[in-house]
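Fold and geometry: a report
Next come the chains, spelled out residue by residue.
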Amino acid sequence: MIGLASMFMLASCVRPLDDDAADDAVIPAGVQRVFDENCISCHDGRTEFSLLAEASPTIVRTRSVQRSELLLVELGRIDRSYLAIKVIPNAQGRDKDIMPPPPATLAPEDQLLIIGWIAGATLPDEGTDGDATEETGLQIQGCSIEDYEPSGQSPVEAGIGVGLIPPDIADVLERNCGCHYVDQPARHLLRIDTWDDFHVERGGDPVHAHARSRLHSAAGPMPPLSCQIENGSNISTEDFERLDTWYEASAPDGVDWVPY
Ligand code: HEC
C-alpha cells in the first residue's frame, strides 16, 4: 500500500494542459481504488455523476453541476477541476462542502493520489511495490507562483516604502502562496497582493491575524498540506518563522519592518 503512494514527483498543483490527455483519459488503478473505497457509496450513478469504474473516465468531460464553469476534472489543472477542489480541505476557504462529507475523511495519501493524478504526476502501477530505492511518501513540490504559472507575474506590491509589503516577506509569499496570486478560484477568496490587503478587517480581525492562525492551524493549515515541499512539510521552517514573526508584529510595512 505504501508503494502505490510513492514516487510522486510533480512541479505544482497546476500544470500546463497536455492537449491529448483528455482524449484518452484512463483512471489510474490507485485513483479508482480511492473512488471505490470513499466515493461510490454515493456517487454510483443514481446521483449527479458516477465514480464507478465503468463510468469514472467520463469525469474528464463532465461539467460540474455546482460550478458550471468548471469540469469535474481538467487534467493538468487542479484549479479548474471541481473534483480536486471538493477534496482539498480549505481550497475554498471552507470545509463544509468537503468530499467525502464529514464525518468521513479521505486519508491524506489518498487525497494526494487524486490530486497528483489530476496535476499530472506519474503514478506507480497499483499492485506493484514500485522501486524500493525510491523515496516513499508523496512529494507535491512547490506552491510558488512559478509552480502554478511558469510565466506568471507576481502581483505582490513589495518595497521598503510606506504601505508596501517588505521585500523579504514578499519572497516568502511568492514562494508559498502561489494560489492566491494566479488566476484561479482561490484567488477570488482572499486577496493578499498588497500591504493594505493584509490589514483589511474581516470578522473583526485583520487579514494578517487570520493568516497567522491559519499558518498555525493543524486542521486547515495555510499553505495547505498539499504543498509538500520537503519532509512532508507544507512550508520550510525558515519561511514559516519569517512569516510568523511578521504576522506577530501585526504585519508592518516596508518602512517599519526590520527583516527577521
Ligand atoms: C455520503 C455520500 C457521499 C460520498 C461518500 C461522497 N460524496 Fe461527493 N457528493 C455527495 C452529494 C450529496 C453531493 C452534492 C451536494 C454537495 O456538494 O455537498 C456531492 C457532490 C460532489 C461533487 C460536486 C459535483 C458537481 O457536479 O458539482 C464532487 C466533485 C464530489 N461530490 C466528489 C466526491 C468524491 C471525489 C468523493 C470521494 C472521495 C465523494 N464525492 C464522496 C455525496 C457524497
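Structure report, in brief. (Residues numbered from 1 in each chain as written. Predicted model: local features only at pLDDT ≥ 70, side-chain atom pairs only at ≥ 80, totals over all residues.)

Near the ligand, the surroundings consist of 21 residues, among which C39, C42, V65, Q66 and M99 are the closest. Per-element tally for the shell around the ligand: the top contributor is helix α2 (residues 82-87), with four residues. Here the shell around the ligand is composed, by residue class, of 12 nonpolar, five polar and four charged. (Near = placed C-beta within 6 Å. Helix = DSSP H or I, 4+ residues; strand = E, 2+ residues; numbered from the N terminus. Nonpolar A, V, L, I, M, F, W, Y, C, P; charged D, E, K, R; others polar.)

Now for unusual backbone geometry. Look at the link from M99 to P100: it is a cis peptide, with omega at -5 degrees. Inspection of the secondary structure assignment puts P100 in the loop between α2 and α3 (108-119). Look at S250: it is not a glycine, yet its phi comes out positive at around 65 degrees. Its place among the elements puts S250 in the segment after α8 (237-248). Given 13 C-beta atoms within a 10 Å radius, S250 is considered partly exposed. (Buried ≥ 20, exposed ≤ 12 C-beta atoms within 10 Å, placed from the backbone.)

Here we come to the environment of Y148. Structurally, Y148 is set in helix α4 (residues 145-148). Residue classification places Y148 among the buried positions, given that 25 C-beta atoms sit within 10 Å. Taking C-alpha positions, Y148 is 6.5 Å from G178, a pair spaced 30 residues apart along the chain.

Okay, α8 next. In a regular helix each residue adds 1.5 Å, so 12 residues correspond to 16 Å; α8 covers 16 Å between its end C-alpha atoms and thus fits that length. Of all the residues in α8, the buried ones are L243, W246 and Y247. One side of α8 holds all its buried residues, which, seen down the axis, span an arc of 100 degrees. Facing away from the buried side of α8 by more than 90 degrees, the exposed set consists of T237, E238 and E248. (Expected span 1.5 Å × (residues − 1). Arc of directions from axis to C-beta.)

At a minimum axis separation of 9 Å, helix α7 (residues 207-216) and α8 run at an interaxial angle of 145 degrees. Between α7 and α8 the crossing geometry is left-handed. Residues H208, A211, R212 and L215 of α7 form the contact with α8, whose participating residues are F240, L243, D244, Y247 and E248. Of the residues belonging to the contact of α7 with α8, the class tally is five nonpolar, one polar and three charged. (Axes fitted to C-alpha atoms, helices over the stretch in contact; angles between N-to-C directions. Left-handed = near helix turned anticlockwise from the far one by under 90°. Contact = placed C-beta atoms within 7 Å.)

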